[in-house]
Amino acid sequence: MYMTGTPISMLTAYDYHSARYLEQAGIDICLVGDSLAMVACGYASTNEIGMDEMLYHCRAVARGAKTPFLIGDMPFGSHQASLETGVTNAIRMIREGGMEAVKIEGGKDVLPLVTRLVDIGIPVMGHIGLMPQRQSALSGFRVQGKTAESALQITKDALALQEAGAFAVLIEALPSRVAESLVSDLRIPTIGIGASSACAGQVLVQTDMLGMTEKVPRFCKKYADLATAVPDALRAYHEEVKSRSFPEESTNTYDMPEEEWRRFSELRAELKQQR
Ligand code: KIV
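A quick note: this is a predicted structure, and the numbers were derived from the prediction, not measured. (Residues numbered from 1 in each chain as written. Predicted model: local features only at pLDDT ≥ 70, side-chain atom pairs only at ≥ 80, totals over all residues. Heavy atoms only, no water.)

Peer 1: Mind showing me how you'd approach the packing of aromatic side chains here?
Peer 2: We describe a pair of aromatic rings using the distance from one ring centre to the other and the angle between the two ring planes. According to the stated counting rule, one finds three aromatic pairs in the structure shown. On the basis of an interplanar angle of 70 degrees and a centroid distance of 5.9 Å, the ring pair of Tyr 237 and Phe 246 is categorised as edge-to-face. (Phe/Tyr/Trp six-rings, centres within 6.5 Å; stacked < 30°, edge-to-face > 60°.)

Next comes the structure, spelled out in structure tokens:
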């Protein structure tokens, strides 16, 4: 797609159903992002999720999405302690999680890991710009690359990831002009989120774009309003249960043959007498 200039669509999924929806929509790449820590598990930050929980979600997604390319996010702590830990956990993503590639946040610090994984045949997507796993170091969720020095550092990181063998790089929350300069400086696809429409592809967090989360970043467009639609549906059900208008006898219940019902009534009467 990159070679032919066809824009690449990428979206996150966290469970079987979100993966099925994504596949039905024809999305090209499915990311089991560590954003699931916050949007699917209710943790305060992405750093609270570990490998085992990520793998549980990866397996569910892999069962739901067969056609899209599957990428699993390497969570915080899964590779920082040593190269060996990183290699072991990336292999777990593939073997236990059913993923086809991994995404790793970081610049020059992750190059040895990227090189090693690519050497052993695990495709790696880099992730630079705003890196949520480093939100404390970056003073929160802020647009990155707003100064010349920081834009240059991001460019150096992107080029280094490309040289290390990353097949693509996700660029998050960057000024459009910086994102566009990356698109032209790199010969691998850039996947943007809060970056620029010039990127080779775009990614969004599924729960955000479906309007399931209360607060969404400025760069996210809401394509649905499930935060309203779902509670409305649940409330309607609750009210219908209370008013006994659900289930409807004609549509939501089952019947049995008349003859069987008569026999059951007799048997039941006998049972009553014995008690
Ligand atoms: O974890 C995630 O969902 C991400 C987003 C930037 C797509 O990495």
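Peer 1: Looking at this model, I keep getting lost on the pairing of strand β2 (residues 29–32). Mind explaining?
Peer 2: Two faces, one strand: in a regular strand the side chains alternate between the faces of the sheet. Side chains Ile 29 and Leu 31 project from β2 onto one buried face, and the interleaved Cys 30 and Val 32 project onto a second face that is buried too. Pairing of strand β1 (residues 8–12) with β2, which is carried by three bridges, proceeds in the parallel orientation. Bridging from a neighbouring strand, Thr 12 pairs with Leu 31 of β2. Direction of pairing for β2 relative to strand β3 (residues 69–73): parallel, over a ladder of four bridges. Bridge pairing links Ile 29 to Phe 69 in β3. (Buried < 20%, exposed > 50% of the residue type's maximum accessible area, 1.4 Å probe, protein only. Helix = DSSP H or I, 4+ residues; strand = E, 2+ residues; numbered from the N terminus. Pairing = 2+ DSSP bridges.)

Peer 1: When you look at the nonpolar core in this model, what are you seeing that I'm missing?
Peer 2: Nonpolar side chains tend to gather and get buried jointly when the protein is soluble and globular. Among the nonpolar cores identified, the biggest contains 53 residues, and Met 93, Val 102, Ile 104, Val 114, Leu 117 and Ile 171 are the most heavily contacted of them. No other element matches the six residues that helix α3 (residues 51–64) contributes to this core. Once residues lying within four places of it in the same chain are set aside, the contact partners of Val 114 are Ile 104, Val 124, Leu 161, Ala 164 and Ala 166. If you look at the next biggest cluster of nonpolar residues, it comprises 13 residues, including Met 10, Ala 101, Ile 191 and Val 203. (Core = buried A, V, L, I, M, F, W, Y, C linked by side-chain atoms within 4.5 Å. Contact = heavy atoms within 4.5 Å.)

Treat this as a map of the structure, not an account of what it does.
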